[in-house]
Amino acid sequence: MELTFLGGAAEVGASCMLLRVAHHCLLVDGGMRPGSREGRLPDLHALVTSPPECILITHAHIDHTGALPLIASLYPSAPIYATESTRALMEILLKDAVRIMEQEGLKPDGETPFYTAEQVDMLLSRIQPIGYYQPFAPLPDAAEISLCFLPAGHILGAAMLYCETPEGTILHTGDISVTDQRTVKGLDLQRLPAADVMICEGTYGDRGHGNRKEEERQLMETVQATLARGGRVLCPAFAVGRAQEVLLILKAYRASGHMSPVPIYIDGMIRPVCALYQNQSHDLQPGLQRYLTNARRPLFADPDLHIFAVRSFERPALLERTNPMVVVSSSGMLSGGASPLYAAALARDERNCILFTGYQDEESPGSALLRAQRGDVIRAGEQSIQLYCQIARYNLSAHVDAEQIAHVVARVNPRHLFLVHGMPEALTALARRFKRTIVTIPAVGDCVVALEGQLAGVDLEPHYAAVPQLVTHGDSEPLATTAAVALSSRATSAAATLAPELPVPSIENLWRSAALQGPARPWTVVELGHAYYGAGYRPALRAQIEQVLLEAATYFRIERVGAQPTYQPRPAEEVKRFVSLSQLVPGMIVIVRGHQGSPQLALVLEPSQAGNILLIGEQWKAVPRPLNVICLVPGVMRPEWLALPATTVKAALRTWRASLDELWIDLFAWWAQCQEEHRGSDEQREDFEYSALCNLAQSEDERVAWGLELLLHGVNLFRHEDLYWIPFERERILRDSGFAHHLALLRAGKGTPVNVRGRRAVLTGRSNWRLFEVRWTEEGEGEGELSKVRTVHIETL
Ligand SMILES: [Zn+2]
Ligand SMILES: [Zn+2]
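Small disclaimer: the values here were computed from a predicted structure and weren't measured.

A.B. asks: Quick question: what am I supposed to make of unusual backbone geometry here?
C.D. replies: Note: most residues except glycine have negative phi, and most peptide bonds are trans. Cis geometry marks the peptide bond from serine 330 to serine 331, where omega comes out at 5°. Within the fold, serine 331 resides in the loop between β14 (326-329) and α11 (339-347). At arginine 757, a position not held by glycine, the phi torsion is positive, near 45°. With respect to the helices, strands and loops of the structure, arginine 757 is situated in the loop between β32 (753-756) and β33 (759-768).

A.B. asks: What should I look at first to understand the packing of helix α4 (residues 84-105) against helix α5 (residues 117-126) in this one?
C.D. replies: Each pair of packed helices can be summarised by the angle the axes make with each other and by the distance between the axes. Where α4 meets α5, the closest approach of the two axes is 10 Å, and the angle between their N-to-C directions is 170°. Considering the angle they form, α4 stands roughly antiparallel to α5. Judged by residue contacts, Arg87, Met90, Glu91, Leu94, Lys95 and Val98 of α4 engage Ala117, Val120, Asp121, Leu123 and Leu124 from α5. Residues belonging to the contact of α4 with α5 are distributed by class as follows: 7 nonpolar, no polar and 4 charged.

A.B. asks: How should the environment of glycine 529 be read in this particular structure?
C.D. replies: Along the chain, glycine 529 turns up in helix α17 (residues 525-533). Remark: the alpha-carbon pair of glycine 529 and leucine 746, spanning 217 residues in sequence, is separated by 57 Å. Excluding residues that lie within four positions of it along the chain, glycine 529 makes contacts with Gly534, Tyr537 and Ile545.

A.B. asks: Explanation requested: the coordination of the zinc ion (ligand 2) in the structure shown.
C.D. replies: Each pair of donors in an ideal four-coordinate tetrahedral metal site encloses 109.5 degrees, whereas pairs in an ideal six-coordinate octahedral site enclose 90 or 180 degrees. Distances from the zinc ion (ligand 2) to its protein donors, Asp63 (OD), His64 (NE2), Asp175 (OD) and His421 (NE2), fall at 2.1 to 2.2 Å. Taken together, the 4 donor atoms surrounding the zinc ion (ligand 2) define angles of 91 to 164° at the centre, an arrangement classified as irregular. Expressed as a motif, the donor residue spacing for the zinc ion (ligand 2) is D-H-x110-D-x245-H. The two metals, the zinc ion (ligand 2) and the zinc ion (ligand 1), are separated by 3.3 Å and share aspartate 175 as a common coordinating residue. In this pair, aspartate 63 sits in helix α2 (residues 62-65) while aspartate 175 sits in the loop between β9 (168-172) and β10 (197-201), placing the two residues 112 residues apart along the sequence. Each member of the pair, aspartate 63 together with aspartate 175, is buried.

A.B. asks: In this structure, what is going on with the coordination of the zinc ion (ligand 1)? I would like to understand it.
C.D. replies: At the metal site, the zinc ion (ligand 1) is ligated by His59 (NE2), His61 (ND1), His154 (NE2) and Asp175 (OD), and these contacts range over 2.2 to 2.3 Å. One can describe the donor arrangement at the zinc ion (ligand 1) as irregular, given that its 4 donor atoms subtend angles of 89 to 169° at the metal.

A.B. asks: Please explain the environment of glycine 268 as it appears in this structure.
C.D. replies: Among the secondary structure elements, glycine 268 is positioned in the loop between β12 (264-267) and α8 (270-279). Sequence separation between glycine 268 and glutamine 517 is 249 residues, and the spatial gap between their C-alpha atoms is 40 Å.

A.B. asks: Just checking my understanding: could you explain the domain arrangement of the protein for this structure?
C.D. replies: One widely used convention gives an interface's size as the accessible area the parts lose upon coming together. Parsing the protein into structural domains produces domain 1 (2-208 + 399-449), domain 2 (212-393), domain 3 (491-570), domain 4 (584-728) and domain 5 (737-796). For domain 2 versus domain 5, the distance between C-alpha centres works out to 69 Å.

A.B. asks: Looking at this structure, I do not really get helix α16 (residues 507-517). What am I missing?
C.D. replies: Taken together, the buried positions of α16 are occupied by Ile507, Leu510, Trp511, Ser513, Ala514 and Gln517. Each buried residue of α16 lies within a common arc of 170° when the element is viewed along its axis, so the set occupies one face. Looking at the packing, one finds that the buried side of α16 touches α17, α18 (542-548), β22 (556-561), β23 (564-569) and α19 (572-581).

A.B. asks: Is there a simple way to explain the confidence of the model for the protein in this structure?
C.D. replies: In low-pLDDT segments, the atomic positions of the prediction should not be examined closely. Averaged over the protein, the pLDDT score is 88; the fraction of residues at 70 or greater is 91%. Note that residues 455-496 has pLDDT below 50 and, in this model, 84 contacts with residues that lie over four places away or in other chains.

A.B. asks: Just to check I follow, could you spell out the packing of helix α6 (residues 212-228) against helix α7 (residues 242-255) for this structure?
C.D. replies: At a closest axis distance of 11 Å, the pairing of α6 and α7 adopts a crossing angle of 70°. When the axes of α6 and α7 are compared, the pair comes out roughly perpendicular. Along the contact surface, α6 presents Arg212, Glu216, Arg217, Leu219, Met220 and Val223, while α7 presents Glu245, Ile249, Leu250 and Tyr253. Of the residues in the contact of α6 with α7, the class split is 6 nonpolar, no polar and 4 charged.

A.B. asks: What exactly am I supposed to notice about the pattern of salt bridges here?
C.D. replies: Any two side chains of opposite charge can pair if their charged atoms end up close together. Under the definition given, this model contains 32 salt bridges. Across the salt bridge formed by arginine 217 and glutamate 214, the nearest N and O atoms sit 2.8 Å from each other. You can see arginine 217 and its partner glutamate 214 sitting in helix α6, 3 residues apart, about one turn around the helix. Looking at glutamate 214, the relative accessible area reads 30%, which means it is partly exposed. Linking lysine 788 and glutamate 662 is a salt bridge whose minimum nitrogen-to-oxygen distance equals 3.4 Å. You can see lysine 788 sitting in strand β35 (residues 786-790) and its partner glutamate 662 sitting in the loop between α20 (646-660) and α21 (667-678), a full 126 residues away along the chain. For lysine 788, a relative accessible area of 46% gives the class partly exposed. Three or more residues joined by partner-sharing salt bridges are found here, namely Arg182, Arg212, Glu216 and Glu245.

A.B. asks: Please explain the sheet that holds strand β13 (residues 307-309) as it appears in this structure.
C.D. replies: Hydrogen bonds between backbone atoms are what pair the strands of a sheet, whose relative direction is either parallel or antiparallel. Judged by pairing direction, the sheet is parallel, and its 6 strands sit side by side in the order β13-β12-β14-β11-β15-β18 without closing on themselves. Of all strands in the sheet, those bounded by a partner on one side alone are β13 and β18 (390-393). Geometrically, the sheet is characterised by an average inter-axis angle of 20° between neighbouring strands, direction not taken into account. Here strand β15 (residues 353-356) runs beside β18; their pairing, made up of 4 bridges, is parallel. Paired with phenylalanine 356 across the two strands is arginine 393, which belongs to β18. In the packing of α6 onto the sheet, contacts are made with β11 (233-236), β14, β15 and β18, and the angle to β15 comes to roughly 165°. Relative to β11, α11 is tilted by about 150°, and along the sheet it contacts β11, β12, β14 and β15.

A.B. asks: How should the pairing of strand β25 (residues 600-604) be read in this particular structure?
C.D. replies: A regular strand carries its side chains on alternate faces of the sheet. Within β25, 5 of the 5 residues are buried, which leaves it mostly tucked inside the rest of the structure. Two elements, strand β24 (residues 588-592) and β25, share 4 bridges in a ladder whose sense is antiparallel. Across the sheet, the residue bridging to valine 592 is glutamine 600, located in β25. Sheet topology places β25 next to strand β26 (residues 612-617); 3 bridges connect them, and they run antiparallel. Bridging from a neighbouring strand, leucine 603 pairs with isoleucine 616 of β26.

A.B. asks: Explain the sheet that holds strand β29 (residues 688-689) to me, please; I cannot follow it from the model alone.
C.D. replies: Strand order in the open sheet made by the 3 strands is β29-β31-β30, with antiparallel pairing throughout. For this open sheet the edge positions go to β29 and β30 (718-721), each flanked by a neighbour on one side alone. In this structure, β30 lies alongside strand β31 (residues 724-727), joined through 4 bridges in antiparallel fashion. Considered in β31, the bridge of phenylalanine 718 is made with proline 727.

A.B. asks: Could you clarify how one ought to interpret the packing of aromatic side chains in this entry?
C.D. replies: Under the defined criterion, the tally for this structure stands at 13 aromatic pairs. Ring geometry for phenylalanine 556 against tyrosine 567: centres 6.1 Å apart, planes inclined by 85°, an arrangement best described as edge-to-face. With phenylalanine 556 in strand β22 and tyrosine 567 in strand β23, this residue pair connects regions lying 11 residues apart in the sequence. The buried category is assigned to phenylalanine 556, whose relative accessible area is 1%. What makes tyrosine 567 buried here is its relative accessible area of 9%. Aromatic pair tryptophan 641 and tryptophan 656: ring centres 6.0 Å apart, planes at 85°, arrangement edge-to-face. Highlighted residues: tryptophan 641 in the loop between β28 (630-637) and α20 and tryptophan 656 in helix α20, separated in sequence by 15 residues. Members of the aromatic cluster, joined through ring pairs, are Tyr81, Phe136 and Phe149. The aromatic ring of tryptophan 523 is capped on one face by arginine 521, whose charged end is 3.9 Å from the ring centroid. Here the guanidinium or amino end of arginine 732 rests over the ring plane of phenylalanine 728, the centre of that ring lying 3.8 Å away.

Thresholds applied
- Residues numbered from 1 in each chain as written.
- Chains lettered and ligands numbered in written order.
- Predicted model: local features only at pLDDT ≥ 70, side-chain atom pairs only at ≥ 80, totals over all residues.
- Heavy atoms only, no water.
- Helix = DSSP H or I, 4+ residues; strand = E, 2+ residues; numbered from the N terminus.
- Axes fitted to C-alpha atoms, helices over the stretch in contact; angles between N-to-C directions.
- Parallel < 35°, antiparallel > 145°, perpendicular 65-115°, else oblique.
- Contact = heavy atoms within 4.5 Å.
- Nonpolar A, V, L, I, M, F, W, Y, C, P; charged D, E, K, R; others polar.
- Donors = N, O, S within 2.8 Å, 3.2 Å for Na, K, Ca; no water.
- Tetrahedral: all angles 85-135°; square planar, octahedral: opposite > 155°, others 65-115°.
- Buried < 20%, exposed > 50% of the residue type's maximum accessible area, 1.4 Å probe, protein only.
- Domains from an automatic or database assignment.
- Arc of directions from axis to C-beta.
- pLDDT = per-residue confidence, 0-100.
- Salt bridge = Lys/Arg side-chain N within 4 Å of Asp/Glu carboxyl O.
- Pairing = 2+ DSSP bridges.
- Phe/Tyr/Trp six-rings, centres within 6.5 Å; stacked < 30°, edge-to-face > 60°.
- Lys NZ or Arg CZ within 6 Å of the ring centre and 35° of its normal.

The structure is reproduced here in structure tokens:
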């Protein structure tokens, strides 16, 4: 077994390692040194003689992925593996990297970009998403090499790599955190496998972090002190991980009353990353998942809670504002993004505070600001920052400290330990802790034989057995599923992981499994995948589930929490109705109802597709609408209208609608009839379906008119439950004096003499909502004529 360190060895940046084992070559990470003036890329020479057969990615940070678009394009047939969240984050980070490189390339002394946006797209499209604890064989023709991603606790999607080979087992930590963060849980020490060879990060190998909660408390004390003196706070933060931590801390302290209720603004690349964190909610720590399920609120930007995502056109106005507020903006070292702008604006006023929470590169403006004296001027890109405000720094690290590393190493108990990803001092200090292990601190370019002189490959039993993860939802039982696939620990399950040949569920199947296990709650895509496939679920199946969910509208109520779509199973009755709706044919007349607007007539233009239907309404343009706006009035067709221009159809619908109002549909009469039928029977409720009501009517026009009237005024007289309309109790209706009067007039009936504002008339027997028709009987002008009169003006004699 041979390890070659191409970057990220005795340094932080450009992490890249080549593993040669059992006659195969695997590459782990391909990072960049973003701030560096020279040599941003790892030393790729070793790849010429040992081309990687696959590429494994621990996490999305640029110091682990920044060179991958280039490397991947050099080895177009090598499969690439990462967790789903890592792939999603890479998309944001690498596209930003391209943008920055292109900007730099415009300067006369700039290097040309190492790769293009197309290369980034190509890389992303090649990545196969892998779930945690799901072993797979990374090389198609080497089943003896098995890999497993384990949660690393560092940022969303970060993984350790555990590899079983004929020459021994290997654990590559990538970047790790043992401490629970607010976004992700720390790595699980209990589930750490033992390994013969361990490659471990040592960023803070010579330091302790202190208590995380205490650090947060002190940070918030400074925030609150600043706000209390009328100041503004800027937290420059790394877009991935740190910014989300800071936002959740601010949110928690403000919600508990320990921070003034001032607005919080989010700017820079943090915004899309926050949206992504929420879309990958299954990788977040359980408390946040519960918050999403229960509170149904976005996690980060949430205008109702006064946490705003700043759009670039709003920025100038925000920079002018002087009221207390907190701004969280990328980049974390003031080396780009929006944070230098805010720093320049805030630094001028001594009441304000700039708060750093992350690593500051020696050459970065952030680092310079930390060293600066009052009145000094610091350059940050185009901005010059003159320092008068307070500067503070707190440590919210997403890395293990020295003590924790010792713990992790003790659990893994390697025979050969490699310390990487740290400054030489940190790694040397760390090495001293391990007396009984071979420890190597490689330099960039080193090629080291692991387990040299030891008998490798003796222990072929897997140290790490994957435990199938059963998902539980609240109090319900662990899932017994239709398509549960048992996990075996070794590469035998590779096929299931990489090219899932599990059946594609129908939308009805997805609905059934969700309705069975959690009928009253919204589900995310990933949860639906777990509900259907059980332990057989793989991230690679997500795309096919999302495809099926395009048809979801008839089976689920679809809502968005922030940017994340959620799916709540509809009750069976409702599904029945919507499924019947999905069989609508062009030329049908339906009644449609938007969110608020009053019901209107519409013509179906095309059959339904993916829960939407193309129709044209009295007041609506011909665009696809969700099926759930439709109320079906059975058997009313106008196929001949399909050939007409849209404007003509719209006009015809309006004319028709106007004529329907002349039909005198009285909903009170129907309510009273329901009461009548109900009386004397033991049955407590007399309910009816919408379409049944419409069917009672004689003519087609009446059917439509009844349908419209029920939607317009029905809620005043009937309770609405799923498909059913249930008449309100008599007492409740009679309590409304207007309603009682209307009913009294109805009972009095045709021919009843009445007094209308001092004139005599008789009821004709026609009435509708708050209107009666009368025939004037007083001698003189208008005698014998008909009028519509508002109910309130009518008195019986
Ligand atoms: Zn990292
Ligand atoms: Zn790193």
